[in-house]
Amino acid sequence: MASLVLALTSLWALPALAALEVAGVRFDDQTSLASQALVLNGAGVRVKMIIKVYAVGLYVPRKETAPAAILNQAGPKSIRIVMLRSVSGEKLANALTEGIEDNVSPADLLSLQPRIDELEAAMRSAGEAVKGAQIQLDYLPGIGTRVTMGGKPLGKDIAGEDFYRALLKIWLGEHPSDRSLKGDLLGQS
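In what follows, the accompanying structure is described.

Rules and cut-offs
Residues numbered from 1 in each chain as written. Predicted model: local features only at pLDDT ≥ 70, side-chain atom pairs only at ≥ 80, totals over all residues. Heavy atoms only, no water. Helix = DSSP H or I, 4+ residues; strand = E, 2+ residues; numbered from the N terminus. Buried < 20%, exposed > 50% of the residue type's maximum accessible area, 1.4 Å probe, protein only. Contact = heavy atoms within 4.5 Å. Polar contact = N/O pair within 3.5 Å; in protein donor to acceptor, adjacent residues only side chain to side chain.

**Comments concerning unusual backbone geometry**
Alright, step 1. Positive phi values are uncommon outside glycine, yet Ser35 reaches one of about 60 degrees.
Alright, step 2. Among the secondary structure elements, Ser35 is positioned in the loop between strand S3 (30–33) and strand S4 (36–48).
Alright, step 3. A positive phi angle, near 60 degrees, is found at Met49, a position not held by glycine.
Alright, step 4. As for its position among the elements, Met49 is in the loop between S4 and strand S5 (51–60).
Alright, step 5. With a relative accessible area of 76%, Met49 lands in the exposed category.

Spelled out as structure tokens, the structure:
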């Protein structure tokens, strides 16, 4: 009887310890940012052609399956990218810029351009994102987007929640970088 109680008790504890592993990268179910708990909405792998480029996890205050609900969700958010191959800062900058351009209107692009330039400069300053490097794109309310690699800031914080929404659209927009990955980040897979 004691064994049964112990087994049932350990099953109840499992969800709190759960994590998702994607391409050998572990994404914890929860994290915190700006003193707020965030949950893993979903995680997946960015594949270009047949090459696995990076694993990515999306952390938000509460899980959602609709892109608009995530884009408009208040509070801090975090995108955690772990490189599965080495990529130059130049290529990363170009890919992020292209993803934003594909998913915002020309008018929005015009207003975002100075901040896109800041993001590009930050990514280029990284030099190379080597295999295993961790890149964080964090939204901090009242501050903006903080880009870090290996826990070290790349450039200065980029102002505006509208900028972070544009970043999220790279993966969750109408023309995402990878449709399968979009479903994974929305927890639909």
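**Topic: the side chain of Thr145**
Alright, step 1. Structurally, Thr145 is set in strand S10 (residues 144–149).
Alright, step 2. For Thr145, a relative accessible area of 0% translates into the label buried.
Alright, step 3. Once residues within four sequence positions are removed from consideration, Thr145 is found in contact with Asp138, Tyr139, Lys156, Asp157, Ile158, Phe163, Tyr164 and Leu167.

**Looking at the side chain of Ser78**
Alright, step 1. Mapped onto the secondary structure, Ser78 falls in strand S6 (residues 77–83).
Alright, step 2. The class for Ser78 is buried, based on a relative accessible area of 4%.
Alright, step 3. Of note is the side chain of Ser78, whose polar atom sits 3.0 Å from the side chain of Gln136.
Alright, step 4. Looking at Ser78, its side chain comes within polar contact range of the side chain of Asp138, at 2.5 Å.
Alright, step 5. Dropping the residues within four chain positions of it, Ser78 is found in contact with Leu33, Leu38, Gly57, Leu58, Tyr59, Gln136, Leu137, Asp138 and Tyr164.

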